[in-house]
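Here's the letter readout for the chains.
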Amino acid sequence: MKVFENHSLLGYNTFKMEVVCRQFIDLESPDELKDLAAQGGLTPPYYVLGGGSNVLFTRDYEGCILHPVFQGVEIVEEDAQSVTLRVAAGTEWEDLINYCLEHHLYGLENLTGIPGLVGSAPVQNIGAYGVEVKDCILAVEGYHLPTATPFRYEAADCRFGYRTSLFKTELKGRCFITYVWFKLGKEPHFTLTYKALTDEMARQQLEPSLENVVRCVRSVRDSKLPDITEIGCAGSFFQNPVVPAVQAASLKSQIPDLVSYPAGEGVKLAAGQLIDKAGWKGYREGDAGIYPKQALVVVNYGHARPEEIKQLYEKVISDVNNKFHITLQPEVNIL
Ligand SMILES: Cc1cc2nc3c(=O)[nH]c(=O)nc-3n(C[C@H](O)[C@H](O)[C@H](O)COP(=O)(O)OP(=O)(O)OC[C@H]3O[C@@H](n4cnc5c(N)ncnc54)[C@H](O)[C@@H]3O)c2cc1C
């Protein structure tokens, strides 16, 4: 375990907020968390941080950051059709995608290019291009905090939903995920329901294969999302709102080309479209802005301060509410 005091978080959040935490602990094995708890070292406030690609620090963090750095992919079961992997929380998500490519394992290919670590993937049930990670998760292992009591939740008990799970609701701030179990297919099977992806496959004249799907998802993502090595952001800042069908129908008179999808009892709208129609796409104030190619993304062009990002997203929420009577909710974890 490595412990740092008054540690800069600049390299640990993709929004590139220049904030500091009181203490920062790199955990090199899950056992170190148990040791920490046994020594009384786990006193709130603390926060589990993966790659920091889904958080916005709005100020210095006056607590302890727990950061898993233990990595690895282990095969725990295999038959003719599938492989079960147990993957350590500190493994880079893209390293798992590359492992799947190398070993010809199917299921996660549409999720290539999502920044972050494996331990965070179940938290908001990451999703992209018609696939959600829950579709491949068998179970999630970890510790309840602050006692470090072990848990294992089978997928059915993880309450996965659209960008949510047990870990983002009831267990929010009270759990440390150590391993995620994935069941992946050995036979080719693709989800090609998303138009941008199928258009890209057609444009590049590619047949569906693991490599080709990964390649096309990566090129669609590159064309729409900022390069986080250059521009700070946390991906989609807002969740797509789900509203009653009558509300969507009445909004259609205001926005004739309203994008909507059925979602349970209601209708899911595209938050990016609402932000765009409200006139915010490409807006910039100092170094804080709304990304010109995708209005869902709030960006830091350089040295935006946390309060500037906060003021901007609050203005967007308020303006969209005034214009369309819909209150956008951040998808990003705000601290
Ligand atoms: C350019 C860009 C594109 C993105 N595209 C997508 C996308 O297509 N789809 C999508 O779903 N998301 C997307 N995201 C959001 C983000 O990458 C994912 O949510 C990712 O899973 C976050 O991983 P992380 O390790 O960075 O998590 P962090 O930001 O470090 O943490 C996220 C949350 O998980 C909790 N957490 C992290 N690790 C653990 C752990 N081991 N145990 C318990 N809790 C933990 C944290 O406390 C926090 O609440 C994107 C982000 C960016 C910057």
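Whatever comes next refers back to the structure up there.
Below, the structure is looked at part by part.

What about the side chain of asparagine 333?
Along the chain, asparagine 333 turns up in strand β20 (residues 333–334). Setting aside residues up to four positions removed in sequence, asparagine 333 forms contacts with Tyr47, Asn54, Val55, Leu56, Lys168 and Lys172.

A few points about the pairing of strand β10 (residues 137–144)
Burial analysis of β10 places 6 of its 8 residues in the buried class, the great majority of the element. Direction of pairing for β10 relative to strand β12 (residues 175–185): antiparallel, over a ladder of 7 bridges. From the neighbouring strand, valine 140 faces β12, where its bridge partner is valine 180. Pairing between β10 and strand β11 (residues 149–154): 6 bridges, direction antiparallel. Bridged to valine 140 within β11 is tyrosine 153. Where β10 folds back on β11, the antiparallel hairpin that results is connected by 4 residues, among which alanine 148 adopts a positive phi of roughly 60°.

So, empty space enclosed by the protein
One pass over the structure, following the stated rule, counts 1 cavity of 30 Å³ or more. In this structure, the largest cavity encloses a volume near 40 Å³. As for the largest cavity, its lining consists of Ile97, Cys100, Leu101, Leu105, Leu108, Glu109, Leu210 and Val214. The set of elements that each furnish at least two residues to the lining of the largest cavity consists of α2 (93–103) and α4 (210–224).

Some details on helix α3 (residues 195–203)
Along α3, the residues that are buried comprise Leu197, Glu200 and Met201. Buried residues of α3 fall within an arc of 100° about the axis and therefore sit on the same side. Away from its buried face by more than 90 degrees, α3 exposes Lys195, Ala202 and Arg203. Check the buried side of α3 and you find it contacts α4. After α3 finishes, the residue glutamine 205 shows a positive phi value of roughly 50°.

Section: the packing of α2 against α4
Contact geometry for α2 and α4: axes closest at 10 Å, N-to-C directions at 150°. As summarised for this structure, α2 and α4 are arranged roughly antiparallel, according to the angle between their axes. Viewed along their axes, α2 and α4 form a crossing whose handedness is left-handed. Note on element contacts: α4 touches α2 through Leu210, Glu211, Val214 and Arg218, opposite Glu94, Ile97, Asn98, Cys100 and Leu101.

Description of the sheet that holds strand β13 (residues 232–233)
Judged by pairing direction, the sheet is antiparallel, and its 4 strands sit side by side in the order β13-β19-β18-β17 without closing on themselves. Strand pairing shows two members of the sheet lacking a second neighbour, β13 and β17 (284–285), which therefore form its edges. With respect to the sheet, helix α7 (residues 306–324) is in contact with β17, β18 (288–290) and β19 (298–300), its orientation differing from that of β18 by roughly 30°.

Digging into the state of the cysteines
Following the criterion strictly, the structure yields 0 disulfides and no others. No disulfide involves cysteine 100; its sulfur sits 8.2 Å from that of cysteine 136, the nearest cysteine.

Some words on the sheet that holds strand β3 (residues 46–48)
The 4 strands are arranged β1-β2-β5-β3 in an open sheet whose pairing can be described as mixed. Sheet topology places β1 (2–8) and β3 at the edges, where each strand pairs with a single neighbour. Recorded for the sheet is a direction-independent mean angle of 25° between the axes of neighbouring strands. Pairing of β3 with strand β5 (residues 61–68), which is carried by 3 bridges, proceeds in the parallel orientation. Looking across to β5, one finds that tyrosine 46 is bridged to cysteine 64. Along the sheet face, helix α1 (residues 30–38) touches β2 (20–27) and β5 and points at about 125° away from the line of β2.

A look at the site of the ligand
Looking at the ligand, there are 31 residues lining it, with Val48, Gly50, Gly51, Ser53 and Ser120 nearest. A distance of 2.6 Å separates an oxygen atom of the ligand from a polar backbone atom of valine 48. A distance of 2.7 Å is found between a nitrogen atom of the ligand and a side-chain nitrogen or oxygen belonging to arginine 221. The protein chains hide 93% of the 980 Å² of surface that the ligand would expose on its own. If you list the elements that add at least two residues to the shell around the ligand, you get β3, β8 (127–128) and β12. For the shell around the ligand, the element with the most residues is β12, which contributes 3 residues.

Here is what the cut-offs are and how they apply
Residues numbered from 1 in each chain as written. Predicted model: local features only at pLDDT ≥ 70, side-chain atom pairs only at ≥ 80, totals over all residues. Heavy atoms only, no water. Helix = DSSP H or I, 4+ residues; strand = E, 2+ residues; numbered from the N terminus. Contact = heavy atoms within 4.5 Å. Buried < 20%, exposed > 50% of the residue type's maximum accessible area, 1.4 Å probe, protein only. Pairing = 2+ DSSP bridges. 1 Å grid on protein atoms, 1.4 Å probe; cavity = no way out; pocket = protein on both sides within 12 Å on 5 of 7 lines; lining within 4 Å. Points joined across faces, edges and corners; volume = space filled by probe spheres on them. Arc of directions from axis to C-beta. Axes fitted to C-alpha atoms, helices over the stretch in contact; angles between N-to-C directions. Parallel < 35°, antiparallel > 145°, perpendicular 65-115°, else oblique. Left-handed = near helix turned anticlockwise from the far one by under 90°. Disulfide = S-S within 2.5 Å. Near = heavy atom within 4 Å. Polar contact = N/O pair within 3.5 Å; in protein donor to acceptor, adjacent residues only side chain to side chain. Areas by Shrake-Rupley, 256 points an atom, 1.4 Å probe, with all protein chains shown as cover.

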